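Here is how the chains run, residue by residue.
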Amino acid sequence: MTTKPVIAVVGAGSLGVALANLLGLNGYRILLGSRNPSASSQKLNRLFASQAKKFELLTPTQAVSQSDINLLTIPDKQISKVCDELLPHFRRGCCVAHCAGSLDSTELASAK
């Protein structure tokens, strides 16, 4: 039996939280990266008050340093900059993708 990859979702906004929860419900270990885990934790505790969260809340660098797949669910304008900042923390051989509908993969060029 193959082990499922660990997935980091960077960005604790609506899209990031929805993806993290759905992937977690499907048996993946999810690391949700937030710039401010403390503030995000309070918001998420209210949101998931009646059910268990299906992800771990960490900083973005902590999340990507432990993951096989990295999903950047941040504003389009920040993708290239954040990818550059996280570059030293990505695991060798990991996959990096973004969720921007208007941008292509060149925004992630530094992660090649």
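Model, not experiment: these values are computed from the prediction. (Residues numbered from 1 in each chain as written. Predicted model: local features only at pLDDT ≥ 70, side-chain atom pairs only at ≥ 80, totals over all residues. Heavy atoms only, no water.)

**Topic: the sheet that holds strand β3 (residues 56–58)**
The strand order across the open sheet formed by five strands is β3-β2-β1-β4-β5, and the pairing between neighbours is parallel. The sheet is open, and its two borders are formed by β3 and β5 (95–98), each paired with just one other strand. Here the average twist between neighbouring strands, direction ignored, is 20°. Here strand β1 (residues 7–10) runs beside strand β4 (residues 69–72); their pairing, made up of four bridges, is parallel. The residue of β4 that forms the bridge with A8 is N70. Lying on the sheet, helix α1 (residues 14–25) is in contact with β1, β2 (30–33) and β4; it crosses β2 at an angle near 170°. (Pairing = 2+ DSSP bridges. Helix = DSSP H or I, 4+ residues; strand = E, 2+ residues; numbered from the N terminus. Axes fitted to C-alpha atoms, helices over the stretch in contact; angles between N-to-C directions. Contact = heavy atoms within 4.5 Å.)

**Quick notes on the pairing of β4**
Bridging between β4 and β5 involves four bridges; their strand directions are parallel. The residue of β5 that forms the bridge with L72 is H98. Read from β4 through helix α4 (residues 79–86) to β5, the crossover connection turns out right-handed. (Right-handed = clockwise from strand over helix to strand, strands pointing away.)

**Looking at the pattern of salt bridges**
Taken as a whole and assessed by the stated rule, the structure comprises three salt bridges. A salt bridge links R29 to E56; the nearest nitrogen and oxygen atoms lie 2.8 Å apart. On the criterion of sequence distance, the pair formed by R29 in the loop between α1 and β2 and E56 in strand β3 is long-range, its members being 27 residues apart. The salt bridge partner of K81 is E85, with a shortest N-O separation of 3.1 Å. Of this pair, K81 and E85 both sit in helix α4, four residues apart, which is roughly one turn of the helix. (Salt bridge = Lys/Arg side-chain N within 4 Å of Asp/Glu carboxyl O.)

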